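# Secondary and tertiary structure notes
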Amino acid sequence: MFIEVVGSSGSKNIDNRLVCMRLGERVLIDAGCAALIPGPELDLVDVVLLTHAHLDHILDLGFILDSMVSRRTRPLVVMGSEACLNIVKSHYMNGLLWPDFSRIRIEGKAILEYRVLQDEVWTALPGDVECMAVPVNHPAGARGFLFRHAEGIVVYSGDTGPTDKLWRMANKQGELIAVVIEVSFPDSKRDIAMASDHLCPSLAADELNKLGSSDIPVHVFHMKPWFSDEIIAELDLPGIQTIFLKSGYRIEFT
Ligand SMILES: [Zn+2]
Ligand SMILES: [Zn+2]
């Protein structure tokens, strides 16, 4: 099992792709830049797991569905909190801004199926991995995730400001092998981070202190690209291996 970065940025420009990660071959975490995944790899995807309904995380959902309509007969299952899925249905795939693909049937089957992800229980995903959604401190139905595989557990913050439950649930589970945490702003913009329910380096350090173990590699994503140099310079976590996620990077569950 692996998490492979398709895009990891907190915004979009010529050098930076919006958030989308492959969780094994059959699951995507968010769909910000999912349309950049090559067709043969995209054809393997059965589930898109949404952290929340902000545009930078769902943007390419409409475009991958558009490409799938003529290429496959099995549905793409989109999973997320009830609030998140309701926003996607009402404000994006609503037949106005973009087609309602859940009403389009190919050989009698819907091309898009929504499935609400229950909080704080393990849900099986394709590829021998389970996921637990935990509410975090961010709008648009936001959830962080724990991913459990035979080799251990990965904590994935999604977008969030300071939060407690995710770290508490992580501490209750078995062996943690990696953390993926958002850091959107530098410390000089701590007030903006707080106001927009995101993290800056000092806030992220406080969050990581809530974890019981400190020898787990920390993977950073969702940096606003115009602040990335500043964030990288500031994010000094003594004794912790810090990796700034880029497209193509793979976290192996080993
Ligand atoms: Zn967000
Ligand atoms: Zn975001």
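Coordinates for the structure precede this section.
Right, let's walk through the structure included here. Note that this is a predicted model, so its numbers are computed, not measured.

## A look at the overall build of the protein
- In terms of regular secondary structure, the protein is built from eight helices and 16 strands.
- The C-alpha radius of gyration computed for the protein amounts to 17 Å, which stays within 12% of the reference 18 Å derived for 254 residues, consistent with globular compactness.
- For the C-alpha atoms alone, the extent of the protein along its principal axes is close to 55 × 35 × 30 Å.
- Of all 254 residues assigned to the protein, the portion counted as buried reaches 46%.
- Sequence-distant contacts in the protein: of pairs separated by 6 or more residues, those separated by 24 or more amount to 59%.

## Considering the nonpolar core
- Among the nonpolar cores identified, the biggest contains 80 residues, and Leu28 and Val154 are the most heavily contacted of them.
- For this core, the element with the most residues is strand S10 (residues 129–135), which contributes five residues.
- Not counting residues within four places of it along the chain, the set of residues in contact with Leu28 comprises Cys20, Met21, Arg22, Ala34, Val45, Val48 and Leu49.

## Here we look at the sheet that holds strand S4 (residues 47–49)
- Strand order in the open sheet made by the seven strands is S8-S5-S4-S3-S2-S1-S16, with mixed pairing throughout. A strand with exactly one partner marks an edge of an open sheet, and here the two such strands are strand S8 (112–116) and strand S16 (250–252). Direction aside, the axes of adjacent strands within the sheet are offset by 20° on average.
- In this structure, strand S1 (residues 2–7) lies alongside S16, joined through three bridges in antiparallel fashion. Looking across to S16, one finds that Phe2 is bridged to Glu252.
- Sheet strands touched by helix H4 (residues 82–91): strand S5 (76–80) and S8. Its angle to S8, the strand with the most contacts, is close to 150°.

## Examining the sheet that holds strand S14 (residues 218–221)
- Read across the open sheet, the seven strands follow the order S9-S10-S11-S12-S13-S14-S15; overall the sheet is mixed. Two strands lie at the open edges of the sheet, namely strand S9 (122–125) and strand S15 (242–244), each paired on one side alone. Averaged over all neighbouring strand pairs, the angle between strand axes comes to 25°, with direction disregarded.
- Where strand S13 (residues 176–182) meets S14, four bridges bridge the pair, whose relative direction is parallel. Each bridged residue has a counterpart across the sheet, and for Val180 the counterpart in S14 is His219.
- On top of the sheet, helix H5 (residues 165–172) reaches S10, strand S11 (143–149), strand S12 (152–156) and S13; it is set at about 145° to S10, its chief contact.

## Some words on unusual backbone geometry
- Although it is not a glycine, Asp30 adopts a positive phi angle of roughly 65°.
- As for its position among the elements, Asp30 is in the loop between strand S3 (27–29) and helix H1 (39–42).
- Overall, Asp30 belongs to the buried group, with 28 C-beta atoms counted inside 10 Å.
- Even without being glycine, Glu107 reaches a positive phi, approximately 50°.
- On the secondary structure map, Glu107 appears in the loop between strand S6 (105–106) and strand S7 (109–110).

## Focus: helix H3 (residues 61–69)
- Within the span of H3, buried status applies to Leu61, Leu65 and Met68. Mapping the buried residues of H3 onto a view down its axis gives an arc of 60°, with all of them on the same face.
- Summarising the contacts, the buried residues of H3 are in contact with S4, helix H2 (55–58), S5 and S8.

## What about the pairing of S14?
- A two-sided burial pattern is seen for S14, the buried positions comprising Val218 and Val220 on one face and His219 and Phe221 on the other.
- Here three bridges tie S14 to S15, and the two strands are oriented parallel to one another. Within S15, the residue paired with Val220 across the bridge is Phe244.
- Regarding topology, helix H8 (residues 228–234) serves as the crossover connection from S14 to the parallel S15, and that connection is right-handed.

## Things to note about the pairing of S9
- Direction of pairing for S9 relative to S10: antiparallel, over a ladder of four bridges. Paired with Ala124 across the two strands is Glu130, which belongs to S10.
- With antiparallel pairing between neighbouring strands as the criterion, S9 and S10 make up a hairpin whose turn holds three residues, including Gly127 at a positive phi of roughly 95°.

Cut-off values and rules
Residues numbered from 1 in each chain as written. Chains lettered and ligands numbered in written order. Predicted model: local features only at pLDDT ≥ 70, side-chain atom pairs only at ≥ 80, totals over all residues. Helix = DSSP H or I, 4+ residues; strand = E, 2+ residues; numbered from the N terminus. Rg over C-alpha atoms; globule rule 2.2 N^0.38 Å. Buried ≥ 20, exposed ≤ 12 C-beta atoms within 10 Å, placed from the backbone. Contact = placed C-beta atoms within 7 Å. Core = buried A, V, L, I, M, F, W, Y, C linked by C-beta atoms within 7 Å. Pairing = 2+ DSSP bridges. Axes fitted to C-alpha atoms, helices over the stretch in contact; angles between N-to-C directions. Arc of directions from axis to C-beta. Right-handed = clockwise from strand over helix to strand, strands pointing away.

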